Amino acid sequence: MIQYSFSVYDLEYFLLIFVRVASFVHVAPFFSLRNTPSNVRIAMSFFTALLLYQALTPVEAVVYQTILEYAVVVMKEAIVGLLVGFAANICTTIVNFAGSIADMETGLSMVTLMDPTTRENTSITGVLYQYVLMLMMICTGMYRYFFGAMADTFILIPVNGAVFRSDALLDSMLEFLGDYVIIGFRIVLPIFCSILLLNAVLGILAKVSPQLNMFAVGIQFKILVGLGVLFLTAGMLPGIADFIFGEMDKMIRSFVGGMT
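**Overview of the nonpolar core**
Turning to step 1, where the next piece is worked out: Ranked by internal contacts, the top residues of the largest apolar core, which has 64 residues, are Ile17, Tyr129, Phe146, Ile187 and Ile244.
Turning to step 2, where the next piece is worked out: It is helix H9 (residues 237–257) that provides the largest number of residues to this core, a total of 10 residues.
Turning to step 3, where the next piece is worked out: With sequence-adjacent residues up to four places away left out, isoleucine 17 is seen in contact with Ala49, Leu52, Tyr53, Leu56, Phe154 and Val159.

As structure tokens, then:
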């Protein structure tokens, strides 16, 4: 007869693992999409936490005297999971920023779409980049890296072992803001340069033939040139996804370093 003992301490330790994993899944890219059912998220978090509990060795780190002290430990684990997931999720906003710049240059900034995955108004090009990024994330198995990174945090940051260093986390955010602008402009650079050259040509034509209404002609040319360049540079989309994935890895490492 198989006897399996499960003490109260084991339950408390498992619940802390489950809280961190569930918080991560709630905000992590791909898993936090609105069209992902809540039951799937809960089941994924539960079975992942169960596997991690079997792999990890419980340590005598969960020491508390009152329920309030245990609640503080639970909040610490929730914050760790949220910060790790947030570090990866904020990198996906780079493509929306690049899409907004592209639409502003091509004259499509007034056209917005309701993204069903985020329930937010986004630009047309931003939606295109967003879906390509999600597709590349599925094709390359990036979602497995997220769970691997989440499992590694229990080695670097044991349960109830998080030390939040605000200066390191602030430096990570400031570094991300710099990369946010740089990567966004690198993504949209072909469209930006093409529209810049088109504006120069239209300016010369306006001086050569003032009778032409360059404003009306320029709007149509900008849309055609922008869509043409977007079509010709479609082969660069895997490279764009690689930029974003590299930034995700960098930000996760940086945020975890700020909590160790």
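**Details of the pattern of salt bridges**
Turning to step 1, where the next piece is worked out: Evaluation of the coordinates by the stated rule reveals four salt bridges.
Turning to step 2, where the next piece is worked out: Between glutamate 77 and arginine 20 there is a salt bridge, with the nearest N and O atoms lying 2.7 Å from each other. Linking glutamate 77 in helix H3 (residues 67–89) with arginine 20 in helix H1 (residues 8–27), this pair joins segments that are 57 residues apart in sequence.
Turning to step 3, where the next piece is worked out: Here arginine 20 falls in the buried class, since its relative accessible area comes to 0%.
Turning to step 4, where the next piece is worked out: Taking the shortest distance from any N to any O, the salt bridge between glutamate 175 and lysine 250 comes out at 2.9 Å. Residue glutamate 175 is located in helix H7 (residues 166–208), and its partner lysine 250 is located in helix H9; the two are separated by 75 residues in the primary sequence.
Turning to step 5, where the next piece is worked out: Through salt bridges with shared partners, one network takes in Glu175, Asp179 and Lys250.

**Some details on the packing of H7 against H9**
Turning to step 1, where the next piece is worked out: Between H7 and H9, the least distance of the axes is 10 Å, while the angle of their chain directions is 175 degrees. By the angle between their directions, the pair H7 and H9 is classed as roughly antiparallel. Counted together, Leu169, Ser172, Met173, Glu175, Phe176, Asp179, Ile183, Arg186 and Ile187 of H7 and Ile240, Phe243, Ile244, Glu247, Lys250, Met251, Ser254 and Phe255 of H9 form the full contact between these two elements.
Turning to step 2, where the next piece is worked out: Among the residues forming the contact of H7 with H9, the class breakdown is 10 nonpolar, two polar and five charged.

**A short note on the environment of methionine 248**
Turning to step 1, where the next piece is worked out: Considering the arrangement of structural elements, one finds methionine 248 in helix H9.
Turning to step 2, where the next piece is worked out: Using a relative accessible area of 0% as the deciding quantity, one classes methionine 248 as buried.
Turning to step 3, where the next piece is worked out: Along the backbone, methionine 248 and valine 21 are 227 residues apart, and their C-alpha atoms lie at a distance of 18 Å.

**Brief notes about the side chain of arginine 41**
Turning to step 1, where the next piece is worked out: Checked against the element boundaries, arginine 41 lands in helix H2 (residues 38–55).
Turning to step 2, where the next piece is worked out: Relative accessible area serves as the criterion here: at 14%, arginine 41 is assigned to the buried category.
Turning to step 3, where the next piece is worked out: Residues contacting arginine 41, with those up to four places away along its chain left out, are Val25, His26, Phe31, Ser32, Leu33, Arg34 and Thr36.

**Topic: a nonpolar patch on the surface**
Turning to step 1, where the next piece is worked out: Residues Phe46, Phe47 and Leu50 make up a contiguous nonpolar surface patch of roughly 270 Å² in combined accessible area.
Turning to step 2, where the next piece is worked out: A residue is classified by how much of its surface remains accessible, and leucine 50, at 33% relative accessible area, is partly exposed.

**Side note on H2**
Turning to step 1, where the next piece is worked out: In a regular helix each residue adds 1.5 Å, so 18 residues correspond to 26 Å; H2 covers 26 Å between its end C-alpha atoms and thus fits that length.
Turning to step 2, where the next piece is worked out: Where the residues of H2 are buried, they touch H1 and helix H6 (142–156).

**Some thoughts on the packing of H7 against helix H8 (residues 214–232)**
Turning to step 1, where the next piece is worked out: Relative orientation of the contacting elements H7 and H8 amounts to 155 degrees, with a least axis distance of 10 Å. Considering the angle they form, H7 stands roughly antiparallel to H8. Considering how the two elements wind past one another, H7 and H8 form a crossing that is right-handed. Side by side, H7 and H8 meet where Pro190, Ile191, Ser194, Ile195, Leu198, Asn199, Leu202, Leu205 and Ala206 of the first sit next to Met214, Gly218, Phe221, Lys222, Val225, Gly226, Val229 and Leu230 of the second.
Turning to step 2, where the next piece is worked out: Within the contact of H7 with H8, the residues separate by chemical class into 12 nonpolar, four polar and one charged.

**Brief notes about the packing of aromatic side chains**
Turning to step 1, where the next piece is worked out: Scanning the entire structure with this criterion turns up 14 aromatic pairs.
Turning to step 2, where the next piece is worked out: Of the aromatic side chains, those joined through ring pairs into one cluster are Tyr13, Phe14, Phe18, Phe46, Phe47 and Tyr53.
Turning to step 3, where the next piece is worked out: Taking the ring centre of phenylalanine 154 as reference, the NZ or CZ of arginine 20 above it sits at 4.2 Å.

**Looking at the confidence of the model for the protein chain**
Any region with low pLDDT has predicted coordinates that should not be read closely.
Turning to step 1, where the next piece is worked out: Of all residues in the protein chain, 92% have pLDDT values of 70 or greater, and the mean over the chain is 81.
Turning to step 2, where the next piece is worked out: The element-level mean pLDDT for the protein chain is lowest in strand S1 (residues 112–115), coming to 70, with H3 highest at 87.

**Things to note about the environment of isoleucine 138**
Turning to step 1, where the next piece is worked out: By the element assignment, isoleucine 138 lies in helix H5 (residues 124–139).
Turning to step 2, where the next piece is worked out: Through-space distance from the C-alpha of isoleucine 138 to that of glutamine 65 is 45 Å; in sequence the pair is 73 residues apart.
Turning to step 3, where the next piece is worked out: Filtering out sequence-adjacent residues up to four positions away, isoleucine 138 remains in contact with Phe30 and Tyr143.

Conventions adopted
Residues numbered from 1 in each chain as written. Predicted model: local features only at pLDDT ≥ 70, side-chain atom pairs only at ≥ 80, totals over all residues. Heavy atoms only, no water. Core = buried A, V, L, I, M, F, W, Y, C linked by side-chain atoms within 4.5 Å. Buried < 20%, exposed > 50% of the residue type's maximum accessible area, 1.4 Å probe, protein only. Helix = DSSP H or I, 4+ residues; strand = E, 2+ residues; numbered from the N terminus. Contact = heavy atoms within 4.5 Å. Salt bridge = Lys/Arg side-chain N within 4 Å of Asp/Glu carboxyl O. Axes fitted to C-alpha atoms, helices over the stretch in contact; angles between N-to-C directions. Parallel < 35°, antiparallel > 145°, perpendicular 65-115°, else oblique. Nonpolar A, V, L, I, M, F, W, Y, C, P; charged D, E, K, R; others polar. Patch = residues over 30% accessible without salt bridge, like charges linked within 9 Å, V, L, I, M, F, W, Y side chains within 5 Å. Areas by Shrake-Rupley, 256 points an atom, 1.4 Å probe, with all protein chains shown as cover. Expected span 1.5 Å × (residues − 1). Left-handed = near helix turned anticlockwise from the far one by under 90°. Phe/Tyr/Trp six-rings, centres within 6.5 Å; stacked < 30°, edge-to-face > 60°. Lys NZ or Arg CZ within 6 Å of the ring centre and 35° of its normal. pLDDT = per-residue confidence, 0-100.

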